[in-house]
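# Chain and residue survey
The lines below spell out each chain.
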Amino acid sequence: MEDELVEYGFRRIIITVTAVLCALLEIVDTTIVNVALNNMRGSLGATLTDIAWVITAYAIANVIVIPMTSWLSQQFGRRNYFAASIIIFTVASFLCGNADNIWELVAFRFIQGLGGGALLVTAQTIITESYPVAKRGMAQAIYGMGVIVGPTLGPPLGGYIVDHFSWPYIFYINIPIGIIATILTLMFVKSPKYGDKLKANQVDWWGIFYLASFIGSLQFVLEHGQQDDWFNDNLILSLSVVSLFGLLLFIKRELTYKHPIVNLKVLKNTNLRVGTIMSFIMGFGLYGSTFIVPIYTQSVLGWSATDAGLLLIPSSITTGIMMPFIGKMIQRGVPQAYMVAVGFMIFFFFTFWMHNIITPDTSAEEMFWPLILRGVGLGLLFVPITTLSLSTLKGKHIGEGAAFTGMMRQLGGSFGIAIITTFIAIFNQQHRVNLISHLDQTSFQVQQTVQKLQQGFMAKGFTFNEALSKAYKAIEFKVMVQSSVLTYMDIFMYLGILFLLCIPFILMIKKGKNKIDMAEAMH
């Protein structure tokens, strides 16, 4: 049964390329939009809060669909489901590019996310099942290259497109790729036969509803918490309650219903439980650092979006280069728990190093090596965490387990970004207050600085009073920049501490047989 899916030679290459292409499509699209938000805002006449929905809608749809993919592929046959997802994704991309107002765009982004979420997990399954068991670690690594390099390709590519064309083209670029991928999928991908289809009345509709309300509300709360002042906002408060009850009802439903949409019983497996938590923390680090570095370079150093995006590329390439070697190490039986522990350790060094080099005028050269280090750390985390989590599962459960790790990685990213934005705001306030308390008008140094600045402005032809107010403004600006820098230093420090705290937990994992049947890992 397993072996009839294994492919060789030319067919395998084509299937691999198709699957990686689709995974890339979906991942690049998560981040490519970030760069174009300002242009969209202008042409659609939307506020900052509204435009954030372009990202939120996609993320919510993704996270809702990911846990259901295993079930959906069984329902419709994997090839059909994969092809349908690509088609939904491609059509939605076209509609996104043609949207006339912000809410149309958001609606189409949601539909695009429903198609996209499926691409990730299903692509992973298809790749792994096309390789014989011995080469599974390698298959994981090939898929991992796509997953890690994707988020970093988004911003520079998006920046280039926005600078040279216009924002709808970041969506149109998906169309030719989508069409090619659909044709290749229909020609080459096979569907395994797992169990029977359910009739419409057996489908776990309530499970789907609870899942959507739990994860959808949670994602909304995380994305909008900071700007709407967390629990002082009624909408945020009520959605948090909805999310909590959704979770409880969902768990109750899935444990009691005969055909659950998500099989929670898999979580009885210790390794999967630990792996799920690790995936969450890895998502936190991966998306958190991908989010904070561009913000720092743009807001403090004043770089352009394209430059900020390019800065992260060497780091991803490092991860990409490491992937195959790590696949090989796993095949040779190097204990994965140690690899993950070392990965977290290296990530700690990266955050600590960043904490030490951040200034109001850090150069790209100074950030080059720390970011390479980040690439090495991520490489050591991604493949081993996935293999570890699934190493003691069998058969159909492997797919169900993979859906959990995938979902937790995404959620970890959303939590990371939400927590980081909140802390940026809080720390910024604190540092500003601290710095201002040191600016004592009676101190000689302060008076001297004000005077110097004032004379500089008067030399440019401003009156005495204008120059004085400009001098104060300049000092105010300096305080702002310095407090931002201190804030980013703190954030890196705390991220690092979080990674250090994970290490003891990893070493508690019981060893599964390392050479796990990756095929199933991917459902």
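Residues numbered from 1 in each chain as written. Predicted model: local features only at pLDDT ≥ 70, side-chain atom pairs only at ≥ 80, totals over all residues. Heavy atoms only, no water.

## Focus on the overall build of the chain
Counting its secondary structure elements, the chain contains 18 helices and 0 strands. Looking at the chain as a whole, 54% of its 523 residues are labelled buried. Of the contacts made within the chain by residues no fewer than 6 positions apart, 83% connect residues no fewer than 24 positions apart. Of the roughly 22700 Å² that the chain leaves accessible, carbon and sulfur atoms contribute 68%. (Helix = DSSP H or I, 4+ residues; strand = E, 2+ residues; numbered from the N terminus. Buried < 20%, exposed > 50% of the residue type's maximum accessible area, 1.4 Å probe, protein only. Contact = heavy atoms within 4.5 Å. Areas by Shrake-Rupley, 256 points an atom, 1.4 Å probe, with all protein chains shown as cover.)

## A closer look at the packing of helix 11 (residues 270-299) against helix 18 (residues 464-506)
Relative orientation of the contacting elements helix 11 and helix 18 amounts to 165 degrees, with a least axis distance of 11 Å. By the angle between their axes, helix 11 is roughly antiparallel relative to helix 18. When the axes of helix 11 and helix 18 are compared, the crossing they make is left-handed. Listed contacts from helix 18 to M278, I281, F284, G285, I292, V293, I295, Y296 and S299 of helix 11 are Y488, I491, F492, L495, L498, F499, C502, F505 and I506. (Axes fitted to C-alpha atoms, helices over the stretch in contact; angles between N-to-C directions. Parallel < 35°, antiparallel > 145°, perpendicular 65-115°, else oblique. Left-handed = near helix turned anticlockwise from the far one by under 90°.)

## Quick notes on the nonpolar core
One finds Y143, V293, F344, M367 and F382 to be the most contacted residues of the largest nonpolar core, which totals 109 residues. Take this core: its biggest share by element is 12 residues, from helix 11. Excluding its chain neighbours within four sequence positions, the residues that come into contact with Y143 are A23, L120, A123, Q124, I127 and F382. Residues V28, M40, L44 and L105 belong to the second largest nonpolar core, which totals 19 residues. (Core = buried A, V, L, I, M, F, W, Y, C linked by side-chain atoms within 4.5 Å.)

## Overview of the environment of E104
Position of E104 relative to the elements: it lies in helix 5 (residues 102-129). Along the primary structure E104 and V54 are separated by 50 residues, whereas in three dimensions their C-alpha atoms are 10.0 Å apart.

## Points about the side chain of T319
You can see T319 is positioned in helix 13 (residues 313-331). Separated by 3.0 Å, the side chain of T319 and the backbone oxygen of G375 make a polar contact. Ignoring any residue separated from it by four or fewer positions in sequence, one finds T319 in contact with I148, G375, L378 and G379. (Polar contact = N/O pair within 3.5 Å; in protein donor to acceptor, adjacent residues only side chain to side chain.)

## Comments concerning the environment of L235
Looking at the element boundaries, L235 is found in helix 10 (residues 234-256). Classification of L235 by relative accessible area gives partly exposed; the value is 46%. On a C-alpha basis, the gap between L235 and F220 in space is 10.0 Å, while along the polypeptide they are 15 residues apart.

## Here we look at the pattern of salt bridges
Using the criterion set out here, one finds 1 salt bridge in the structure. The closest approach of N and O atoms between R432 and E476, which form a salt bridge, is 2.7 Å. Taken together, the positions of R432 in helix 16 (residues 396-438) and E476 in helix 18 put the pair 44 residues apart, joining distant regions of the chain. Accessibility expressed as a relative area gives 32% for E476, which makes it partly exposed. (Salt bridge = Lys/Arg side-chain N within 4 Å of Asp/Glu carboxyl O.)

## Observations regarding the packing of aromatic side chains
The final tally for this structure, using the stated rule, is 16 aromatic pairs. Where F94 meets Y172, the ring centres are 6.1 Å apart and the plane angle is 35 degrees; that geometry is what we call tilted. Placement of F94 in helix 4 (residues 78-98) and of Y172 in helix 7 (residues 169-172) is noted, with a sequence separation of 78 residues between them. Aromatic pair F344 and F499: ring centres 5.6 Å apart, planes at 25 degrees, arrangement stacked. Taken together, the residues span a long stretch of sequence, with F344 in helix 14 (residues 336-357) and F499 in helix 18 at a distance of 155 residues. Given a relative accessible area of 0%, F344 falls into the buried group. Stacked on the ring of Y58, the Lys or Arg R109 has its end atom at 4.1 Å from the ring centre. (Phe/Tyr/Trp six-rings, centres within 6.5 Å; stacked < 30°, edge-to-face > 60°. Lys NZ or Arg CZ within 6 Å of the ring centre and 35° of its normal.)

## A closer look at helix 11
The end-to-end C-alpha distance of helix 11, which contains 30 residues, comes to 43 Å, matching closely the 44 Å that a straight helix rising 1.5 Å per residue would cover. Of all 30 residues that make up helix 11, 23 are buried, and the element is covered over most of its length. (Expected span 1.5 Å × (residues − 1).)

## What to know about the side chain of N62
Along the polypeptide, N62 turns up in helix 2 (residues 48-65). Here G113 takes part through its backbone oxygen, which lies 3.0 Å from a polar atom of the side chain of N62. Each residue touching N62, except ones within four places of it in the same chain, is listed here: E26, G113, G116, G117 and Q410.

## Section: a nonpolar patch on the surface
A cluster of nonpolar side chains, contributed by V241, L244, F245, L248 and L249, occupies part of the molecular surface with about 460 Å² of accessible area. Residue placement: L244 occurs in helix 10. (Patch = residues over 30% accessible without salt bridge, like charges linked within 9 Å, V, L, I, M, F, W, Y side chains within 5 Å.)

## What about helix 4?
Relative to the 30 Å expected for 21 residues at 1.5 Å per residue, helix 4 spans 30 Å between its end C-alpha atoms, a close match to the ideal helical length. Listing the buried residues of helix 4 in full gives R78, Y81, F82, A83, S85, I86, F89, T90, A92, S93, C96 and G97.

## A look at the confidence of the model for the chain
Overall, the prediction assigns the chain a mean pLDDT of 77, with 86% of residues at 70 or greater. Taken element by element, the predicted model of the chain shows its lowest mean pLDDT in helix 6 (residues 136-164) (73) and its highest in helix 14 (86). (pLDDT = per-residue confidence, 0-100.)

## As for the packing of helix 4 against helix 8 (residues 174-188)
Packing of helix 4 against helix 8 leaves a shortest axis separation of 9 Å and a crossing angle of 165 degrees. Here helix 4 is positioned roughly antiparallel relative to helix 8, judged by the angle of their axes. Crossing handedness for the pair helix 4 and helix 8: left-handed. Packed against helix 4, whose contacting residues are R79, F82, A83, I86, I87, F89, T90, S93 and F94, the element helix 8 presents N174, I175, G178, A181, T182, T185 and L186 at the interface.

## Topic: the environment of G246
Here G246 shows up in helix 10. Classification of G246 as buried rests on a relative accessible area of 4%. In sequence terms G246 and L211 are 35 residues apart; their C-alpha atoms lie 6.7 Å from each other.

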